Amino acid sequence: MTLLSPGMGVTVSFTPQMEKRLTQRAVRMLKQSLRQFPELRNLELRVGHTKTKLGVAFIPKRLRLPLYIRLRVRGLTYNTIGHELTHLLQGLTKLPPPEGAPAWAPLPGGETQCDIWTLARSELFCDDAPTYLRMPRTVRENWRHYAARVRSLCVEAIRQRSSRRTYIRWLESRIAELPERARPSRAGAPEQLSLTL
Ligand SMILES: [Zn+2]
């Protein structure tokens with residue numbers, strides 16, 4: 001069993017199956033991802049392997065450690081790691097926080113919600129398009145180009161959630177508009193120039 005503590009006090013162990021496949025790259029990605037999840041401080045996480053899916057999370061119904069996720073090492077993305085860790089929070093934030101820990105910010109359940117909160121959490125998780133959040137094909141295929149704007153919209157949607165019950169529909173319709181806004185891009189005329197007043 002490998003243990004690592006990425007400086008945030010979360011203890012990580014790997015299943016024997018995962019240890020066999022684990023790469024330095026995957027460990028580095030996991031460490032970096034965990035730094036974005038201070039809520040997991042002082043908790044234990046066990047990471048297993050999945051071949052068939054990008055990742056799997058076992059959403060905790062009560063605080064029994066270790067928490068458990070599975071990841072596919074081949075083609076691993078920060079977005080997948082973030083998504084699975086966010087699933088853990090979807091369960092944890094419904095439970096009373098561990099002794100001495102600050103109250104957890106509530107996080108709604110659901111796959112689309114998981115994608116929204118993952119992207120909003122950090123730019124780190126914008127390396128690949130999320131699976132469940134609906135978006136036009138061109139946004140998905142040119143994800144790098146749109147990622148920062150989609151992330152800003154996710155942050156805004158979360159801000160609006162308390163007053164707008166339809167925040168996901170609002171978000172998806174704003175994402176759907178992104179390519180249209182980009183369309184009148186004047187070939188050969190850089191955008192900065194058009195901003196000169
Ligand atoms: Zn999921």
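In every chain, residue numbers begin from 1 and rise along the written sequence. Local features in a predicted model are, by the rule used here, given only for residues with pLDDT of at least 70; side-chain atom pairs are given and counted only at 80 or more, and totals for whole chains, interfaces and linings are based on all residues.

Peer 1: Please explain the overall build of the protein chain as it appears in this structure.
Peer 2: For the protein chain, the count of helices and strands is eight helices and five strands. Traced from its N-terminal end to its C-terminal end, the protein chain shows the element sequence β-β-α-α-β-β-β-α-α-α-α-α-α. The proportion of buried residues among the 197 residues of the protein chain is 30%. Throughout, a residue-residue contact means that the two C-beta atoms, derived from backbone geometry, are no farther apart than 7 Å. Intrachain contacts of the protein chain at a sequence separation of at least 6 include 58% that bridge at least 24 residues. Starting at the N terminus, helices and strands are each numbered in turn, a helix being any DSSP run of H or I of at least four residues and a strand any DSSP run of E of at least two. Field definition: a residue is buried when 20 or more other C-beta atoms are found within 10 Å of its C-beta, exposed when 12 or fewer are, and partly exposed for counts in between, with C-beta atoms placed from the backbone.

Peer 1: How should I be thinking about the environment of Ala 26 in this particular structure?
Peer 2: With respect to the helices and strands, Ala 26 occurs in helix α2 (residues 24–34). Its 19 C-beta neighbours within 10 Å are what place Ala 26 among the partly exposed residues. In the structure, Ala 26 is positioned 46 residues away from Arg 72 in sequence and 9.5 Å away in space, judged by C-alpha atoms. In this view, Ala 26 contacts Val 73 and Leu 76; residues no more than four positions away in its chain are not counted.

Peer 1: Just checking my understanding: could you explain the pairing of strand β2 (residues 11–14) for this structure?
Peer 2: Within a regular strand, the side chains alternate between the two sheet faces. By the alternation rule, side chains of β2 split into Val 12 and Phe 14, which are all buried, and Thr 11 and Ser 13, of which none is buried. Here a strand pair is declared whenever DSSP counts at least two bridges between the two strands. Bridge analysis of β2 against strand β3 (residues 44–49) gives four bridges, and the strand direction is parallel. Looking across to β3, one finds that Thr 11 is bridged to Glu 44.

Peer 1: Is there a simple way to think about the nonpolar core in this case?
Peer 2: The nonpolar side chains of soluble globular proteins are, as a tendency, buried together. Among the nonpolar cores identified, the biggest contains 41 residues, and Leu 45, Ile 116 and Cys 154 are the most heavily contacted of them. For this core, the secondary structure elements donating two or more residues are β2, α2, β3, β5 (67–71), α3 (78–92), α4 (111–121), α6 (143–160) and α7 (167–182). Of all the elements, α6 adds the most residues to this core, at seven residues. If sequence neighbours within four positions are ignored, Cys 154 has contacts with Ile 116, Leu 119, Ala 120 and Leu 171. By our criterion, buried Ala, Val, Leu, Ile, Met, Phe, Trp, Tyr and Cys residues that link up through C-beta atoms within 7 Å make up a nonpolar core.

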